[in-house]
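Descriptive structure summary
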Amino acid sequence: MDQKGKQPIQFARRMSQLPPYLFGMINQMKMEKRWQGDDVIDLGMGNPVDPAPEQVISKLVEAANDPKTHRYPAADGMRNLRIEIAKSYEKDYGVTLNANTEVMCTIGSKEGISHLCLALIGPGDTVLVPAPAFPVHIYAAIIAGGSVLRIPLDEEGAFLERLEIMCANVYPRPKVLILNYPHNPTGVLGSMTIYERVVELAKKYGFMVIHDFAYNKITFDGYVAPSFMQVPGARDVGVEFGSFSKSYNMAGWRLGYCVGNPEMVAGLRKIKGYYDYGIFSAIQVAGIVALRHCDEDVVRQAHIYQSRRDVLCEGLERMDWPVTRPKAGMFAWVKIPPPYDRLGSMEFSIQMMKRANVALAPGIGFGEEGEGYLRIALVENEHRIRQALRQMKRAMKELEV
């Protein structure tokens, strides 16, 4: 005990493996400025500001008024919701799923991936993750006790070549590969070529695949994102996670799903049985309505994001920033131009928060491979995006670099 008689808190060793959550630092700065009365334009977090479809909200209210929904829900998801998820895969991808054994609901895709890592990964296991990466793809595996090896995510052929080299030469052999297409943060797109080769390698080297497909419906310029489950044999080696958060603007509702390999789904179901009781039943009922009746709302929302993308990218181009317009997702992955790149992505983001009242996500928050970049979210309306660009431009003139 210390001199005041307080018992020191001793955290588990895994806590020392978790670096400071940079996005948490940015969010704290944002909230402090808002408490002081500043109008901070938040382009940092992928947190939709648009409402969920009216039909979905109405069904939530109706279901919440039914006392039966106040009881503990079915832990792996309502059967009717699992059936609708299976139907959506048949309709969208031509994939037939068994709603009882190959589909389960999760409290968003982030929670589902984290819990599945606990079911699959333990001390001494090796996990491969393309980098830069959304933090949960790395740290869910680390929290589970695994060792993470990062694969630079660049051209399709080079990525697949590196993947095979690592599978052939790493000991112990990799146990899990975590994929994410359309990719957060970079916007890199998946393809049937990538998925087919991954399935071949998974069968050859004996690893499992977790695919995060959260941005499956947020696509632009006619691009349609393929599902990992469309590849013959994918179900033999892996699962795919999806989410209602982005497509239906239900981020705070926390509703997602896992589909694919029945043994992996069963493992997720087993471990979740010890952690939670599933999702509020009224939210699941609303999810059924979303899948049955809201396809047009999803298309409309994708068009909104595409328009915001164009406004953002056109504005950055006028400021002489190098920009590649994403074809999917709700972010632009942008390289910081000279001389401001000397600041590094974290310091640049801090300066934009302080001087411009604009919140951005620093690339370093997605791993060292993301240094020099910013992830800019398309969540604010077009007027606010233009305003943010004007404020950034003024703030950059003030910076001494």
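Calculation rules
- Residues numbered from 1 in each chain as written.
- Predicted model: local features only at pLDDT ≥ 70, side-chain atom pairs only at ≥ 80, totals over all residues.
- Heavy atoms only, no water.
- Buried < 20%, exposed > 50% of the residue type's maximum accessible area, 1.4 Å probe, protein only.
- Helix = DSSP H or I, 4+ residues; strand = E, 2+ residues; numbered from the N terminus.
- Pairing = 2+ DSSP bridges.
- Phe/Tyr/Trp six-rings, centres within 6.5 Å; stacked < 30°, edge-to-face > 60°.
- Lys NZ or Arg CZ within 6 Å of the ring centre and 35° of its normal.
- Axes fitted to C-alpha atoms, helices over the stretch in contact; angles between N-to-C directions.
- Polar contact = N/O pair within 3.5 Å; in protein donor to acceptor, adjacent residues only side chain to side chain.
- Contact = heavy atoms within 4.5 Å.
- Salt bridge = Lys/Arg side-chain N within 4 Å of Asp/Glu carboxyl O.
- Patch = residues over 30% accessible without salt bridge, like charges linked within 9 Å, V, L, I, M, F, W, Y side chains within 5 Å.
- Areas by Shrake-Rupley, 256 points an atom, 1.4 Å probe, with all protein chains shown as cover.
- Parallel < 35°, antiparallel > 145°, perpendicular 65-115°, else oblique.
- Left-handed = near helix turned anticlockwise from the far one by under 90°.
- Nonpolar A, V, L, I, M, F, W, Y, C, P; charged D, E, K, R; others polar.
- Lys, Arg positive; Asp, Glu negative; His and termini not counted.

We now examine the pairing of strand 9 (residues 331-335). Counting buried residues along strand 9, 4 of its 5 residues qualify, which places the element largely inside the surrounding structure. When strand 9 meets strand 12 (residues 373-377), the two strands line up antiparallel, connected through 5 bridges. Residue pairing for strand 12: tryptophan 333 is matched across the bridge by arginine 375.

Per the stated rule, a full pass over the model turns up 13 aromatic pairs. These aromatic residues form a ring-pair network of at least three members: Tyr89, Tyr93, Phe213, Phe244, Tyr248 and Tyr257. The ring of phenylalanine 331 carries arginine 375 above its face, with NZ or CZ at 3.8 Å from the centroid.

An order of 2-8-7-6-5-3-4 is seen for the 7 strands of this open sheet, with the pairing classed as mixed. For this open sheet the edge positions go to strand 2 (103-106) and strand 4 (147-152), each flanked by a neighbour on one side alone. Ignoring strand direction, the axes of neighbouring strands in this sheet form an average angle of 20°. With 5 bridges connecting them, strand 7 (residues 238-243) and strand 8 (residues 256-260) associate as antiparallel partners. For glycine 242, the partnering residue across the bridge sits in strand 8 and is tyrosine 257.

Bringing the side chain of threonine 219 into the picture now. Checked against the element boundaries, threonine 219 lands in the loop between strand 6 (208-212) and helix 8 (234-237). Engagement of the side chain of threonine 219 in a polar contact is seen with the backbone oxygen of tyrosine 223, the distance being 2.9 Å. In this structure threonine 219 touches Ala225, Ala302, Lys327 and Ala328, once residues within four positions along its chain are discounted.

All right, on to the sheet that holds strand 9 then. The strand order 9-12-11 describes an open sheet built from 3 strands, whose pairing is antiparallel. At either end of the open sheet lies a strand with only one pairing partner, and these are strand 9 and strand 11 (361-362).

One pass over the full model with this rule turns up 29 salt bridges. Ionic pairing is found between lysine 204 and glutamate 164, a salt bridge with its closest N-O pair at 3.6 Å. Of the two residues, lysine 204 is situated in helix 7 (residues 192-205) and glutamate 164 in helix 6 (residues 156-169); the sequence distance between them amounts to 40 residues. Of the residues examined, lysine 204 reaches a relative accessible area of 54% and is grouped as exposed.

Here we come to the pairing of strand 7. With respect to burial, strand 7 is a largely interior element, 6 of its 6 residues being buried. Here strand 7 shows no split at all, with Gly238, Glu240 and Gly242 on one side and Val239, Phe241 and Ser243 on the other all buried.

This next bit is on unusual backbone geometry. Here the bond from alanine 131 into proline 132 is cis, since omega is 5°, no more than 30 degrees from zero. Structurally, proline 132 can be placed in the loop between strand 3 (126-131) and helix 5 (135-143). In this structure, proline 185 follows asparagine 184 across a cis peptide bond, with omega equal to 25°. Structurally, proline 185 is set in the loop between strand 5 (176-180) and helix 7. Phi angles above zero are rare outside glycine, and arginine 254 is one such case at about 60°.

Here the focus is the environment of glutamate 296. With respect to the element layout, glutamate 296 can be found in helix 11 (residues 295-318). The exposed category is assigned to glutamate 296, whose relative accessible area is 60%. Spatially, the C-alpha atom of glutamate 296 lies 9.8 Å from that of proline 53, the residues being 243 residues apart in sequence.

Once that is clear, we can look at a nonpolar patch on the surface. Taken together, Ile9, Phe11 and Met15 make up a surface patch of nonpolar side chains, about 380 Å² in accessible area. Relative to the helices and strands, isoleucine 9 is located in the segment before helix 1 (22-35). Since its relative accessible area comes to 66%, isoleucine 9 is described here as exposed.

Its place among the elements puts methionine 29 in helix 1. Sequence separation between methionine 29 and isoleucine 350 is 321 residues, and the spatial gap between their C-alpha atoms is 8.5 Å. Not counting chain neighbours up to four residues away, the residues in contact with methionine 29 comprise Ile350, Met353 and Lys354.

This part takes up the packing of helix 11 against helix 13 (residues 382-398). One way to put it is that helix 11 packs onto helix 13 with a least axis distance of 9 Å and a crossing angle of 15°. As far as their axial angle goes, helix 13 and helix 11 are roughly parallel. Two packed elements cross with a definite hand, and for helix 11 against helix 13 that hand is right-handed. Residue-level inspection shows Ser307, Arg308, Val311, Leu312, Gly315 and Leu316 of helix 11 in contact with helix 13, the latter providing Glu382, Ile385, Arg386 and Leu389. Residue composition of the contact of helix 11 with helix 13, by class: 5 nonpolar, 2 polar and 3 charged.

Packed helix pairs are specified by the crossing angle of their axes together with the interaxial distance, meaning the distance between the axes. In contact at an axis separation of 8 Å, helix 2 (residues 54-64) and helix 10 (residues 281-293) are set at 150° when each is read in the N-to-C sense. One way to sum up the angle between helix 2 and helix 10 is to call them roughly antiparallel. Seen from above, helix 2 lies across helix 10 with right-handed handedness. Note on element contacts: helix 10 touches helix 2 through Ala282, Ile283, Val285, Ala286, Val289, Ala290 and His293, opposite Gln55, Val56, Lys59, Leu60, Ala63 and Ala64. Broken down by class, the residue content of the contact of helix 2 with helix 10 amounts to 10 nonpolar, 2 polar and 1 charged.

Now for the side chain of arginine 82. Tracing the sequence through the fold places arginine 82 in helix 3 (residues 79-93). One buried charged residue, arginine 82, forms no salt bridge at all, with the nearest opposite charge on aspartate 76 at 4.1 Å. Of the polar contacts made by the side chain of arginine 82, one reaches the backbone oxygen of glycine 77; its length is 3.0 Å.

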